[in-house]
Amino acid sequence: MNKNTGNAFDEATHNSHALSVADVLRILNTSSRQGLTSTEAASRLKLVGPNILREYRDESSWMRFVRQWHQPLLYILNAAAFITLFLHEYVDASVIFGVVLVNVTLGYIQESKAVKALTALRQTLQVEARVVRDGGTERIAAHDLVPGDILFLEAGDKVSADVRLVESNEYRVNESSLTGESLPVEKDIQPVSREVGLADRTCMSYAGTLVSAGQAKAVVVATGDATEIGRISELVSQAEELETPLTRSISRFSQILLYIILGLGVAGFGAGVLRGEPMVEMLMAAIALAVGAIPEGLPAAVTVILAIGVSRMAKRKAVIRRLPAVETLGGTTVICTDKTGTLTVNQMTVSRIEVLDRQYELTGQGYEFEGEILHITGSKDNSIVSKERDYALFECLKAGALCNDATFVMQDNVQTLIGDPTEGALLVSAVKIGINIDELFLQCKRIDAIPFSSERQYMATLHECGDENIIYVKGAAERIIEFCTQALGSDNHVVCFDTATARATLSTLAEEGMRVLGFAYSHSSRERNVVEQSDLSELVFLGFQAMIDPPRKEAVHAVDACMKAGIRVVMITGDHAHTALAIAESFNIPNQKMATPTFGRVMTGEQLATLTDDEVEQACRSVSVFARVAPEQKLRLVRAFQHDHAIVAMTGDGVNDAPALKQADIGTAMGKTGTEAAKEAADMVLTDDNFATIEAAVEEGRAVFDNLIKFIVWNLPINLGEGLVVLCALFLGITLPMTPVQILWINMTTAGSLGIMLAFEPMESDIMERTPRDPQVSILSFDLVLRITVVGVLLLVVVFGLFFYERSLNASLEQARTVSVNVFVVVSSLYLLNCRSLRHPFWRQNVRGNLWIPFGIVLMMILQVLYTYLPVMNDLFKSSPLSWSSWLRIFMVSFTAMLLVELEKFIRAKFVPQT
Ligand code: ATP
């Protein structure tokens with residue numbers, strides 16, 4: 001798409017690192033305050049094209065097609081085709097070649113579909129960028145960025161284009177994807193020498209790298225293919241990983257089976273030849289054995305079933321980034337979730353403010369500016385507040401508005417927040433007292449800031465207000481209390497700060513489930529133009545603003561469903577212990593049945609830091625609420641749960657959550673509020689940030705696995721049956737009841753029109769009442785192996801039984817073989833109905849729940865009628881028309897087999913305890 005060559009931006013694209021900020025802005029004809037106008041941006045977009053890389057180096061379609069040939073079964077089939085060709089069996093040879101071609105094409109189509117589904121999903125996770133356009137801040141899709149756009153970057157963002165920094169504040173970037181350097185690099189705005197390499201261009205940030213700390217404002221100098229990453233094409237490889245642990249183990253299983261079967265085939269061939277049987281016939285029998293008994297199509301079918309599961313999950317707002325995650329999801333035993341936004345709606349509303357000597361109540365909800373601030377205590381006159389009498393309140397609200405990075409903009413006539421919901425709530429509370437935010441920012445210009453981070457738990461800004469400079473600080477209430485020695489009264493007098501009383505007030509507010517932020521300030525000299533951590537002592541306390549963030553209703557049900565499904569829900573939050581516990585209570589989280597509670601109902605990050613690894617593991621067994629946890633402690637918790645054999649799903653959104661997300665079995669990032677860093681590290685992204693979606697994904701994960709097992713339990717007996725039929729014939733020296741070509745017909749048609757329909761089975765209603773699957777235990781339980789064997793042997797018996805019966809009625813070999821093929825297919829069709837549920841009787845399954853099943857069976861029957869009666873099929877497959885009585889026998893025998901499987905289910909349900 002984008003070349004950015006031969007146009008006015010070339011100089012900026014190649015040499016920005018050596019130019020001053022002013023020069024770069026001038027060359028790009030833009031301004032750091034106003035940005036581009038939307039018309040100019042649109043015309044630049046036309047000129048340079050969208051900000052996307054021309055080519056995802058996905059495996060080419062041809063390569064994928066060629067790869068389909070690389071399967072042991074196809075080698076055998078091709079060899080068989082050549083041998084039959086050599087023996088002048090031209091019809092057989094062309095049928096085998098035809099089958100090979102169909103097989104390869106089917107595999108190719110299935111795999112392409114899976115890849116397409118996954119790629120489409122990846123693209124739904126569109127990256128956004130915060131830019132200045134027409135003088136205001138806007139969020140746009142990253143692919144609409146053009147050279148000259150002014151971009152805001154902060155910790156956790158993925159840089160979407162090559163940019164030259166214009167302003168930077170503790171800005172550090174992880175450039176390992178570009179330079180290989182894994183440590184974050186500090187950046188600033190000073191130009192460097194023209195000759196230096198990428199790694200040393202400290203005033204630049206490059207597309208594809210991740211911001212690990214701080215903030216920056218930057219001007220876009222290159223987009224799309226003109227970016228550095230666009231030029232290094234190997235880095236762009238985004239091929240989808242279609243292998244999963246399950247498909248790997250199935251491939252391994254098929255491989256082992258292949259050797260066993262080849263061994264048996266050679267032995268059977270040798271035995272037959274020694275017995276004096278014709279060599280050609282024996283060879284055909286050995287080939288039939290290989291063709292029939294190897295479940296070669298299984299890994300591909302499993303991949304397709306997983307991919308269908310991925311699409312289903314996406315419809316329920318859980319986007320899977322890595323296919324193996326679908327398998328793991330179903331086995332999840334512990335979900336570690338954060339609180340804000342996942343369990344709660346993340347629509348903060350300040351509802352209480354407490355200053356040194358007064359308490360206030362705020363009316364209004366969400367981000368609506370309508371609402372009042374009323375006295376609760378401390379004022380005789382209970383009417384509306386005023387700046388003169390409520391000085392501390394006013395200053396506290398002012399601090400909240402100034403020490404703030406959020407803004408409200410009108411988008412489609414709706415007031416929309418850009419930024420952190422906590423900060424949005426502080427803007428709203430300030431407006432409620434009549435503060436005009438824009439005017440306030442003009443009066444008190446921001447000179448410097450320490451950005452908020454989850455580790456620090458506070459944010460500080462330095463402002464030039466009239467003839468003095470002021471530092472404002474806001475953050476987790478306990479942190480702010482630690483910084484203060486004095487407090488401001490409502491009458492504008494500063495007094496000594498009583499920290500014990502403040503802590504008691506904080507506890508009371510937090511126990512009501514409110515998120516409490518503390519505010520403080522200090523005067524500073526006019527000369528000071530930076531704010532540093534060391535400045536944050538002996539501050540003046542302004543007050544607390546306490547906000548409510550209601551629990552999500554659907555999350556309450558989802559937590560309940562998880563607990564019923566034997567999954568533990570653990571809350572890990574950065575919030576205050578009391579707030580966390582109060583919110584957790586509304587979800588019943590602290591009351592889950594647990595090991596003897598050695599520790600309290602809630603544990604803080606501070607307590608966690610004092611524990612040994614063994615003690616943390618113990619704590620994980622009994623505590624379900626962890627509060628004031630630093631992101632790096634999340635990693636410790638995941639490890640402790642995993643050490644205790646749990647399969648852990650862990651949510652996260654910040655840049656520092658990435659290691660924990662990587663470590664977890666199902667790293668889950670937030671689609672809306674999550675940083676790009678978290679999304680990159682995650683296996684799954686929730687597009688609605690909602691806990692209920694995790695539960696839905698687990699449910700789907702279980703359903704996918706269920707369908708997978710149903711498919712395997714349906715598929716393996718067919719291979720086993722075919723293998724046994726041929727083996728018996730080989731070793732007993734009797735005529736094959738089915739020729740290799742006929743076995744190929746059975747395999748191809750049943751896999752395409754029957755088995756795969758199980759992928760569309762709806763989930764069984766009791767799916768979330770079962771205990772999680774133990775990944776250590778083999779996917780096929782003893783019961784299921786028994787069923788596979790029983791059905792395989794049943795097939796052997798019915799095929800041989802009917803074959804010889806037909807022969808005894810003087811049927812021709814062609815007719816008897818046609819009966820064998822038909823009985824095989826009809827048993828497989830009816831057995832498909834058995835497999836709709838592995839526990840419950842087939843008649844309890846709603847036919848309309850999966851209309852693909854009757855469709856598949858009808859299709860199969862039509863194919864069988866063609867196979868039996870169409871002359872060309874009779875020539876190709878050596879089949880022969882059958883009489884009504886033969887059909888009657890086929891159906892009677894098949895129904896009996898179906899009922900026997902149901903009888904086995906019934907006996908098991910009655911006499912064997914279910915898990
Ligand atoms: P969760 O992990 O459940 O999402 P959280 O949002 O409370 O919880 P953090 O974002 O790590 O976790 O915040 C930790 C604490 O820092 C919060 O409880 C709050 O007191 C304070 N805080 C949150 N956002 C800001 C902010 N923008 N500025 C200053 N302090 C903040």
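Rules used throughout
- Residues numbered from 1 in each chain as written.
- Predicted model: local features only at pLDDT ≥ 70, side-chain atom pairs only at ≥ 80, totals over all residues.
- Heavy atoms only, no water.
- Near = heavy atom within 4 Å.
- Polar contact = N/O pair within 3.5 Å; in protein donor to acceptor, adjacent residues only side chain to side chain.
- Areas by Shrake-Rupley, 256 points an atom, 1.4 Å probe, with all protein chains shown as cover.
- Helix = DSSP H or I, 4+ residues; strand = E, 2+ residues; numbered from the N terminus.
- Nonpolar A, V, L, I, M, F, W, Y, C, P; charged D, E, K, R; others polar.
- Core = buried A, V, L, I, M, F, W, Y, C linked by side-chain atoms within 4.5 Å.
- Buried < 20%, exposed > 50% of the residue type's maximum accessible area, 1.4 Å probe, protein only.
- Contact = heavy atoms within 4.5 Å.
- Patch = residues over 30% accessible without salt bridge, like charges linked within 9 Å, V, L, I, M, F, W, Y side chains within 5 Å.
- Salt bridge = Lys/Arg side-chain N within 4 Å of Asp/Glu carboxyl O.
- pLDDT = per-residue confidence, 0-100.
- Phe/Tyr/Trp six-rings, centres within 6.5 Å; stacked < 30°, edge-to-face > 60°.
- Lys NZ or Arg CZ within 6 Å of the ring centre and 35° of its normal.
- Axes fitted to C-alpha atoms, helices over the stretch in contact; angles between N-to-C directions.
- Parallel < 35°, antiparallel > 145°, perpendicular 65-115°, else oblique.
- Left-handed = near helix turned anticlockwise from the far one by under 90°.
- Arc of directions from axis to C-beta.
- Pairing = 2+ DSSP bridges.
- Expected span 1.5 Å × (residues − 1).
- Disulfide = S-S within 2.5 Å.

Caption draft 1: Representation of the site of the ligand in the model. Neighbouring residues of the ligand: 17 residues in total, closest Lys339, Glu423, Ser454, Arg515 and Thr573. Between a nitrogen atom of the ligand and a side-chain N or O atom of aspartate 420, the distance comes to 3.0 Å. Starting from 600 Å² of accessible surface for the ligand in isolation, the protein chains cover 91%. Taken together, the elements giving at least two residues each to the shell around the ligand come down to β17 (468–476) and β20 (515–524). Taken together, the residues that form the shell around the ligand break down as 4 nonpolar, 5 polar and 8 charged.

Caption draft 2: Region of the structure containing the nonpolar core. Ranked by internal contacts, the top residues of the largest apolar core, which has 134 residues, are Met684, Phe691, Val713 and Trp714. Take this core: its biggest share by element is 21 residues, from helix α25 (residues 691–732). Contact partners of phenylalanine 691, with chain neighbours within four places excluded, come to Ile335, Thr337, Thr342, Leu343, Ala555, Ala558, Val559, Cys562 and Val569. Ranked by size, the runner-up nonpolar core spans 42 residues in total, among them Leu393, Leu417, Ala430 and Met547.

Caption draft 3: Layout of a nonpolar patch on the surface. Where nonpolar side chains cluster on the molecular surface, the patch consists of Val91, Val858, Ile862, Leu866, Leu870, Val872 and Leu876 and spans about 530 Å² of accessible area. Of all the secondary-structure elements, those providing two or more residues to the nonpolar patch are α29 (852–869) and α30 (871–877). When residues of the nonpolar patch are assigned to their parent elements, the largest contribution, 3 residues, is made by α29. Along the chain, the position of isoleucine 862 falls in helix α29.

Caption draft 4: Quick look at the confidence of the model for the chain. For the chain, the mean per-residue pLDDT works out to 86, and 93% of the residues sit at or above 70. No element of the chain has a lower mean pLDDT than helix α7 (residues 176–179), which averages 73, and none a higher one than strand β21 (residues 539–548), which averages 96. Considering only residues more than four positions removed or in separate chains, one finds that residues 1–6, a stretch of pLDDT under 50, has 24 contacts.

Caption draft 5: Quick look at the packing of aromatic side chains. One pass over the structure, following the stated rule, counts 20 aromatic pairs. Centre to centre, the rings of tyrosine 458 and phenylalanine 483 are 5.2 Å apart; their planes meet at 90°, and the pair counts as edge-to-face. Residue tyrosine 458 is found in strand β16 (residues 458–465), and its partner phenylalanine 483 is found in helix α16 (residues 477–483); the two are separated by 25 residues along the sequence. Each of the two residues, tyrosine 458 as well as phenylalanine 483, counts as buried. Ring-pair connections join several aromatic residues into one group, and the members of that group are Trp62, Phe65 and Tyr108. In this arrangement the basic side chain of arginine 130 is found over the ring face of phenylalanine 152, its NZ or CZ atom lying 4.8 Å from the centre.

Caption draft 6: Examining the packing of helix α27 (residues 782–808) against helix α31 (residues 884–911) more closely. Viewed as axis vectors pointing N to C, α27 and α31 meet at an angle of 160°, and their least axial separation amounts to 11 Å. Classified by the angle their axes make, α27 and α31 are roughly antiparallel. Where α27 crosses over α31, the two elements pack in a sense that is right-handed. Across the interface between the two elements, Asp783, Arg787, Val791, Leu794, Val798, Leu802, Tyr805 and Glu806 from α27 touch Ser886, Arg889, Ile890, Val893, Ala897, Leu900, Val901, Glu904, Lys905 and Arg908 from α31. Tallied by class, residues from the contact of α27 with α31 come to 10 nonpolar, 1 polar and 7 charged.

Caption draft 7: Focus on the packing of helix α17 (residues 499–511) against helix α19 (residues 577–585). Relative to each other, α17 and α19 sit at 15°, their axes nearing to 7 Å. Between α17 and α19, the angle falls in the class roughly parallel. Taken as a pair, α17 and α19 cross one another with a handedness that is right-handed. Contacts from Ser507, Ala510 and Glu511 in α17 reach His578, Thr579 and Ala582 in α19. Residues that form the contact of α17 with α19 fall into these classes: 2 nonpolar, 3 polar and 1 charged.

Caption draft 8: Representation of helix α3 (residues 38–48) within the structure. Within the span of α3, buried status applies to Ala41, Arg44 and Val48. Taken around the axis of α3, the buried residues stretch over an arc of 65°, which confines them to a single face. Facing away from the buried side of α3 by over 90 degrees, the exposed positions are Thr39 and Lys46. Residues of α3 that are buried in the fold lie against β1 (128–133).

Caption draft 9: Quick peek at the side chain of threonine 651. When you line up the elements, threonine 651 lands in strand β25 (residues 648–652). You can call threonine 651 buried: its relative accessible area is 1%. In this structure the side chain of threonine 651 is engaged in a polar contact, spanning 2.9 Å, whose partner is the backbone nitrogen of aspartate 338. In this structure, threonine 651 is in contact with Cys336, Thr337, Asp338, Lys634, Leu661, Thr668, Met670 and Ile694, ignoring residues within four places of it in sequence.

Caption draft 10: Layout of the pairing of strand β22 (residues 568–572). The element β22 is largely enclosed, with a buried count of 5 among its 5 residues. With burial as the criterion, each face of β22 is covered, one bearing Arg568, Val570 and Ile572 and the other bearing Val569 and Met571. Pairing between β22 and strand β24 (residues 625–627): 2 bridges, direction parallel. Note on β24: the bridge partner recorded for methionine 571 is valine 625.

Caption draft 11: A look at helix α9 (residues 245–275). Spanning 31 residues, α9 covers 45 Å between terminal C-alpha atoms, matching the ideal 45 Å at 1.5 Å per step. For α9, every residue scored as buried is listed here: Leu246, Thr247, Ile250, Ser254, Leu258, Ile261, Gly265, Gly268 and Gly272. Two residues or fewer after α9 comes glycine 276, characterised by a positive phi angle close to 95°.

Caption draft 12: The arrangement of the state of the cysteines in detail. In this structure the tally under the stated criterion is 0 disulfides. With no disulfide of its own, cysteine 336 lies closest to cysteine 620 among cysteine sulfurs, the gap being 7.4 Å. No disulfide involves cysteine 496; its sulfur sits 12 Å from that of cysteine 484, the nearest cysteine. By relative accessible area, which is 68% here, cysteine 496 ends up exposed.

Caption draft 13: Representation of unusual backbone geometry. Unlike most non-glycine residues, asparagine 29 shows phi in positive territory, near 50°. Residue asparagine 29 is classed as exposed on the basis of its relative accessible area of 60%. The phi torsion at asparagine 588 lies on the positive side, around 70°, for a residue other than glycine. Considering the arrangement of structural elements, one finds asparagine 588 in the loop between α19 and β23 (602–604).

Caption draft 14: Examining the side chain of arginine 44 more closely. Mapping arginine 44 onto the fold places it in helix α3. Here the side chain of arginine 44 touches asparagine 29 through a polar contact of 3.4 Å, landing on its backbone oxygen. Dropping the residues within four chain positions of it, arginine 44 is found in contact with Phe9, Leu28, Asn29, Leu36, Gly49, Val146, Pro147 and Gly148.

Caption draft 15: Broad picture of the pattern of salt bridges. The final tally for this structure, using the stated rule, is 43 salt bridges. A salt bridge links lysine 158 to glutamate 680; its shortest N-O distance comes to 2.6 Å. One end of the pair, lysine 158, is in the loop between β3 (150–154) and β4 (162–174); the other, glutamate 680, is in helix α24 (residues 676–681), and 522 residues separate them in sequence. Taking relative accessible area as the criterion, glutamate 680 reaches 31% and is therefore assigned partly exposed. Here the salt bridges share partners, and the residues they tie into one network are Lys339, Glu478, Arg515, Asp575 and Arg628.

Caption draft 16: Expanded view of the environment of phenylalanine 152. Within the secondary structure, phenylalanine 152 sits in strand β3. Overall, the relative accessible area of 23% leaves phenylalanine 152 in the partly exposed class. Residues phenylalanine 152 and serine 168, spaced 16 residues apart in sequence, show a C-alpha to C-alpha distance of 10.0 Å.

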